[in-house]
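In case you want the letters, here they are:
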Amino acid sequence: MTGPQAAEPPESRPSGGNRQPEEAQWFDDEAGPMVRLFAMTRGRTRPVVDGFFDLISLIALKDPAERDGQLPTPVLDPEHHAIIDLCRSGPLAVAEIGSYTDLPVSVVRVLLGDLHDADLIDVTRPVPLAELPDERLLREVINGLRAL
Amino acid sequence: MDSAHSDAASVHGQRSGIRGGPAVALKILVAGGFGAGKTTLVGAVSEIRPLRTEERLSELGRPLDDTAGVETKRTTTVAMDFGRIDLRPGLALYLFGTPGQDRFWFVWDELALGALGALVLADTRRLADCFPSVDFFEQRGIPFVVAVNCFEGTEVFAVEDVRGALDLDPGVPVVLCDARSREDGKGLLVRLVEHAAERRAARRG
């Protein structure tokens, strides 16, 4: 898998792969260490289960006591640790993790897949709309909005 | 800012929601042409955050993304806005501002999956810009409300004029609004969820 092309404006974090030498001038000491995005994911572009990490799937840290003891201690990258740190104060949606880490959602999904494989996170997928407890939930949303 | 307070309070509430029972996250899309006020509206009702996604061009086959001669360009970055509204502990509403450029339509399919509904922001100076959004939601049967953003200095169109120009089904609500107003934004969301509930009830009954 090739790295992503830099389509962002120069002021954005230059962690996307940049192929043209003339674009390398964005980088300076303050940019910190740089890794191509898909090097972080070792070239993987898809999570294990497609659709598992919806943009609004909620990610919560697993209680260490409940973790599968049979699994080996995982080797985690700094990005994995960043996600774990973010979720310490409470569950976050996949989209929020992407925003806070400034990583594209596609990369976040792969990293979350690793954390899930290591049994470190719980994932709550959004309720499929066909199964929603219709009126009651919708009324709750309406009342909640009115009360804002 | 009161949204910051509610954010902090609900983070804890949500955790107990997840640990103690099901936590529910819902999404609503905010669509419309470029410059119609999507970002403004999301920001008016929630704390806004930027979000990036990388998409593989090779899977898209969109005519505008002709990759001939740029063999190295396999992915593209799509930027969008999103916001979160905490309705109660364990119940959060996420707003996603759909990418404005037409060539990013493919992102919409994923965004639209499981969406409660959509707000289509219309700018009366460029009403045609929201045709694609209206078509998109009509085709997928996703409930939507057309919000006519009344920019300063623009003539306030009659709701029926907009309905006629967009050739909307009679049931689709059309609401005049100021996208900068938090109250208007809340009102739009309420109207949308009411509309979704009505449609659900109608389909069921």
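All values reported here derive from a predicted model rather than from experimental measurement.

Rules behind the numbers
- Residues numbered from 1 in each chain as written.
- Chains lettered and ligands numbered in written order.
- Predicted model: local features only at pLDDT ≥ 70, side-chain atom pairs only at ≥ 80, totals over all residues.
- Helix = DSSP H or I, 4+ residues; strand = E, 2+ residues; numbered from the N terminus.
- Buried ≥ 20, exposed ≤ 12 C-beta atoms within 10 Å, placed from the backbone.
- Contact = placed C-beta atoms within 7 Å.
- Expected span 1.5 Å × (residues − 1).
- Pairing = 2+ DSSP bridges.
- Axes fitted to C-alpha atoms, helices over the stretch in contact; angles between N-to-C directions.
- Parallel < 35°, antiparallel > 145°, perpendicular 65-115°, else oblique.
- Nonpolar A, V, L, I, M, F, W, Y, C, P; charged D, E, K, R; others polar.
- pLDDT = per-residue confidence, 0-100.

A.B. asks: Sorry if this is basic, but what is going on with the environment of B:Val134 here?
C.D. replies: All names here are of chain B. Following the sequence through the fold, Val 134 ends up in helix H4 (residues 131-140). On the neighbour-count criterion, Val 134 (21 C-beta atoms within 10 Å) is buried. In this structure, Val 134 is in contact with Val 120 and Leu 166, ignoring residues within four places of it in sequence.

A.B. asks: When you look at helix H6 (residues 182-204) of chain B in this model, what are you seeing that I'm missing?
C.D. replies: Spanning 23 residues, H6(B) covers 33 Å between terminal C-alpha atoms, matching the ideal 33 Å at 1.5 Å per step. Listed as buried for H6(B) are B:Asp184, B:Gly185, B:Leu188, B:Leu189, B:Arg191, B:Leu192, B:Val193, B:Ala196 and B:Ala197. If you follow the buried residues of H6(B), they end up packed against helix H5 (134-146) of chain A together with strand S1 (24-32), helix H2 (38-45), strand S5 (117-123), strand S6 (144-149) and strand S7 (174-177) of chain B.

A.B. asks: Explain the environment of B:Glu183 here, please?
C.D. replies: Within the fold, B:Glu183 resides in helix H6. Classification of B:Glu183 as exposed rests on a count of 12 C-beta atoms within 10 Å.

A.B. asks: How should I be thinking about the sheet that holds strand S1 (residues 58-61) of chain A in this particular structure?
C.D. replies: For sheets, the rule is that strands pair by backbone hydrogen bonds, running either parallel or antiparallel. Residue and element names in this part refer to chain A. The three strands are arranged S2-S1-S3 in an open sheet whose pairing can be described as antiparallel. Both edges of this open sheet fall to strand S2 (92-93) and strand S3 (121-124), since each of them pairs with a single strand only. Relative to the sheet, helix H2 (residues 78-87) contacts S1 and S2, its axis offset from that of S1 by approximately 90°.

A.B. asks: Can you walk me through the packing of H5(A) against H6(B) in this structure?
C.D. replies: Two packed helices can be described by the angle between their axes and the distance between those axes. Contact geometry for H5(A) and H6(B): axes closest at 9 Å, N-to-C directions at 170°. Between H5(A) and H6(B), the angle falls in the class roughly antiparallel. Of the residues in H6(B), those in contact with A:Asp134, A:Glu135, A:Leu138, A:Val141, A:Ile142, A:Leu145 and A:Arg146 of H5(A) are B:Lys186, B:Leu189, B:Val190, B:Val193, B:Glu194, B:Ala196, B:Ala197 and B:Arg200. Its residues assigned to classes, the contact of H5(A) with H6(B) shows nine nonpolar, no polar and six charged.

A.B. asks: Help me out: how do you make sense of the confidence of the model for chain B in this one?
C.D. replies: As a note on interpretation, predicted positions should not be read in detail where pLDDT is low. Considering every residue of chain B, the mean pLDDT works out to 79; 75% of them sit at 70 or more. This prediction of the complex comes with two scores: 0.76 for pTM and 0.78 for ipTM.

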